[in-house]
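Below, each chain spelled out in residue letters.
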Amino acid sequence: MTAKTFYIETFGCQMNAHDSEKVIGTLISRGYTQVETPEAAGLVLYNTCSIRDKAEQKVFHRLQQFKRDAGKGKVFGVLGCVAQQEGEKIFEKAPHVSLVAGSASYTKLPQMLVQLEQGDRRVTGLSLDTDETFETPFTRRDNPHRAYITIIEGCDKSCAYCVVPFTRGPERSRTRASVLEEGRRLADSGYTEIQLLGQNVNSYRDPSPAGWDFATLLARVAQIPGIRRVRFITSHPRDFVKPIVDAIDSYPVLCDHVHLPVQSGSSRMLSAMDRLYTRDEYMRCIDWLKSARRNIAITTDIIVGFPGETEADFNDTLALLDQVEYDSLFSFKYSPRPNTAALAMGDKVPEEEKTRRLTIVQERQRAIQIRRNAAAIGVVHEVLVEGRNQALGQWIGRTSQNRTLNFGADRAGDENLIGQYLDVRVTRAGPNSLVGESVM
Ligand code: 5AD
Ligand code: SF4
């Protein structure tokens, strides 16, 4: 490599986005400069996702573009979940790739960079046998107000549809000391919102002798001076305990929002998926959340068309949506993934049927959101101002419940409100966002 420049594109979840922030920081600390286009870069990295089929295809599509002359003189690297899943096969599929590394190997990134710089064209980081987490002082954060902190990596569950245990390796938590120290440093440098990350964030268990559980950690992060909001994703229902809700009730800094993926409303499907809870057990978590003193927004993930899903199972999911009345949800058609248990299951649901079920879920949820959001009219919410929509002449705010609340603010003039916390009254509501006016 001649010029030490790099370009990185990130796919997938928030964990991946934050991994990229750490990768970028590591590269910069080693004398690399980030550039805006792959054309301008000596080192081109794709941090990939393989959660669903389409996510995975994207990276090969990108790599194809540089197959011939376009990629001359450049070094290509595939990071993340596709790298872990496909491993050295990537070198065969795309011979111009020189680095293939999964997230469990990022602690070795400096050594891998040295190998690349020395001209090695088959550098790999594919071991999953690790008890380390990727901690670095060099994180290059994208957002000046909200900072992400990974508290637990990997996954020890074995949901029948999911690649994550194969791509991110075994579960490993950071020590509470390291998490709190990072939180304090972030507060000192002006961040006001912290988002704690993990595939199963609430399975956190402090590895040091104190052995804090997630609820204890959450309460302590909430008490870091200067931090005004704390969020966390993603919670697994099996490890969701009442003390988490109690912590939210006790510390207003903890945001009024829990993302609790249910996947299906049918206990039969939940068992086939190996989710480790029944519908009733899930509903117990929902009851805790709904009987909290605070108005906690609840969101979820739904998979339709898992092998063996009957019309009756699907109707159970629709009934669950009506019962819980989620504030929003992500819904997906089941997609077969390598290595997973569901691959061998019979009774596949045809593609058109999956599409039909997905549409029904989305329509049902849209009606729920229209109704719920309309009920929010007149309510005042504190928002963190995240941006400005010039075309509409509105500021873009986010409520504690994680809803977008766009608003006008007459008094503002030319003032830049981004990063401020303001009270906004909701005046209009659509299915996916709210509009309001700043009060005062
Ligand atoms: N097919 C469809 N959706 C999936 N998800 C995970 N694996 C699959 C798959 N194989 C969804 C789940 C999970 C979200 C991140 O992605 O709903 O909660
Ligand atoms: Fe995608 Fe899952 Fe990997 Fe995140 S952990 S990038 S969602 S496959």
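Summary of the structure given here. If you're wondering where the values come from, they're calculated on a predicted model, not measured in any experiment.

## Observations regarding the site of ligand 2
Lining the immediate surroundings of ligand 2 are Cys13, Asn16, Thr48, Cys49, Ser50, Ile51, Cys81, Val164, Arg168 and Gln199. Its residues assigned to classes, the shell around ligand 2 comprises five nonpolar, four polar and one charged.

## Notes on the side chain of Asp301
Along the chain, the position of Asp301 falls in strand S13 (residues 297–304). Buried and unpaired, Asp301 has Arg52 as its nearest opposite-charge partner, separated by 6.8 Å. Side chain to side chain, Asp301 and His259 meet in a polar contact 3.0 Å long. Among residues more than four places away in sequence, those in contact with Asp301 are His259, Pro261, Val262, Gln263, Phe330 and Phe332.

## Some remarks on unusual backbone geometry
Among all residues except glycine, the phi angle is most often negative; among peptide bonds, the trans geometry is most common. Cis peptide bonds are those with omega within 30 degrees of zero, and the linkage from Ile233 to Thr234 qualifies with -5°. Relative to the elements of secondary structure, Thr234 occurs in the loop between strand S11 (229–233) and helix H9 (242–250). You will see that Asp274, though not glycine, has its phi angle at about 60°, which is positive. Overall, Asp274 belongs to the partly exposed group, its relative accessible area being 33%. Phi at Asn339 takes a positive value of approximately 75°, unusual for a residue other than glycine. Secondary-structure assignment places Asn339 in the loop between strand S14 (328–333) and helix H13 (351–374).

## Focus: the environment of Ala375
Secondary-structure assignment places Ala375 in the loop between H13 and strand S15 (380–389). The spatial distance from the C-alpha of Ala375 to the C-alpha of Val385 is 23 Å, given a sequence separation of 10 residues.

## Some words on the sheet that holds strand S10 (residues 193–197)
The strand order across the open sheet formed by three strands is S7-S10-S11, and the pairing between neighbours is parallel. Sheet topology places strand S7 (146–150) and S11 at the edges, where each strand pairs with a single neighbour. Geometrically, the sheet is characterised by an average inter-axis angle of 20° between neighbouring strands, direction not taken into account. Strand direction decides the pairing type here: S10 and S11, joined by five bridges, are parallel.

## A look at helix H2 (residues 53–64)
Across its 12 residues, H2 extends 17 Å between first and last C-alpha, which sits within 8% of the 16 Å expected from 1.5 Å per residue. Buried residues in H2 make contact with strand S3 (43–48), strand S4 (75–79), helix H3 (80–86), helix H4 (89–93) and strand S5 (97–101).

## Some thoughts on helix H8 (residues 214–222)
Where burial is concerned, most of H8 is hidden: seven out of the nine residues are buried. Along H8, the residues that are buried comprise Phe214, Ala215, Leu217, Leu218, Ala219, Val221 and Ala222. Next to the buried residues of H8 lie helix H7 (176–188), S10, S11 and H9.

## Quick word on the sheet that holds strand S19 (residues 434–438)
Ordered by their spatial adjacency, five strands build a closed barrel running S15-S16-S17-S19-S18, and the pairing between neighbours is mixed. With strand direction ignored, the average angle separating the axes of adjacent strands in the sheet is 55°. When S15 meets strand S16 (residues 394–399), the two strands line up antiparallel, connected through six bridges. Within S16, the position partnered with Val385 by the bridge is Gly397.

## Describing the site of ligand 1
The full set of residues close to ligand 1 is Ile51, Arg52, Tyr161, Gln263, Asp301, Ile303, Phe332, Lys333, Tyr334, Ser335 and Arg337. Tyr161 is positioned with one of its backbone polar atoms (N or O) 3.0 Å from a nitrogen atom of ligand 1. For ligand 1, an oxygen atom lies 2.6 Å from a polar atom in the side chain of Asp301. Elements with a minimum of two residues in the shell around ligand 1: S13 and S14. Partitioning the shell around ligand 1 into residue classes produces five nonpolar, two polar and four charged.

## What to know about the pairing of S3
Taking burial as the measure, the six residues of S3 include six buried ones, the bulk of the element. Going residue by residue along S3, you find Leu43, Leu45 and Asn47 tucked away on one face and Val44, Tyr46 and Thr48 tucked away on the opposite face as well. The sheet contact formed by S3 and S4 spans five bridges and is parallel. Residue pairing in the sheet places Leu43 in a bridge with Val75 of S4.

## Regarding the packing of aromatic side chains
Under the counting rule described, the total for this entry stands at six aromatic pairs. Taking 5.2 Å as the distance between ring centres and 70° as the angle between the ring planes, the aromatic pair formed by Phe214 and Phe232 counts as edge-to-face. Within this pair, whereas Phe214 is found in helix H8, its partner Phe232 is found in strand S11, the two being separated by 18 residues in sequence. Residue Phe232 is classed as buried on the basis of its relative accessible area, which comes to 4%. Where Phe306 meets Tyr334, the ring centres are 5.3 Å apart and the plane angle is 75°; that geometry is what we call edge-to-face. With Phe306 in the loop between S13 and helix H12 (311–324) and Tyr334 in the loop between S14 and H13, the pair connects residues that are 28 residues apart, well separated along the chain.

About the thresholds
Residues numbered from 1 in each chain as written. Chains lettered and ligands numbered in written order. Predicted model: local features only at pLDDT ≥ 70, side-chain atom pairs only at ≥ 80, totals over all residues. Heavy atoms only, no water. Near = heavy atom within 4 Å. Nonpolar A, V, L, I, M, F, W, Y, C, P; charged D, E, K, R; others polar. Helix = DSSP H or I, 4+ residues; strand = E, 2+ residues; numbered from the N terminus. Buried < 20%, exposed > 50% of the residue type's maximum accessible area, 1.4 Å probe, protein only. Lys, Arg positive; Asp, Glu negative; His and termini not counted. Salt bridge = Lys/Arg side-chain N within 4 Å of Asp/Glu carboxyl O. Polar contact = N/O pair within 3.5 Å; in protein donor to acceptor, adjacent residues only side chain to side chain. Contact = heavy atoms within 4.5 Å. Pairing = 2+ DSSP bridges. Axes fitted to C-alpha atoms, helices over the stretch in contact; angles between N-to-C directions. Expected span 1.5 Å × (residues − 1). Phe/Tyr/Trp six-rings, centres within 6.5 Å; stacked < 30°, edge-to-face > 60°.

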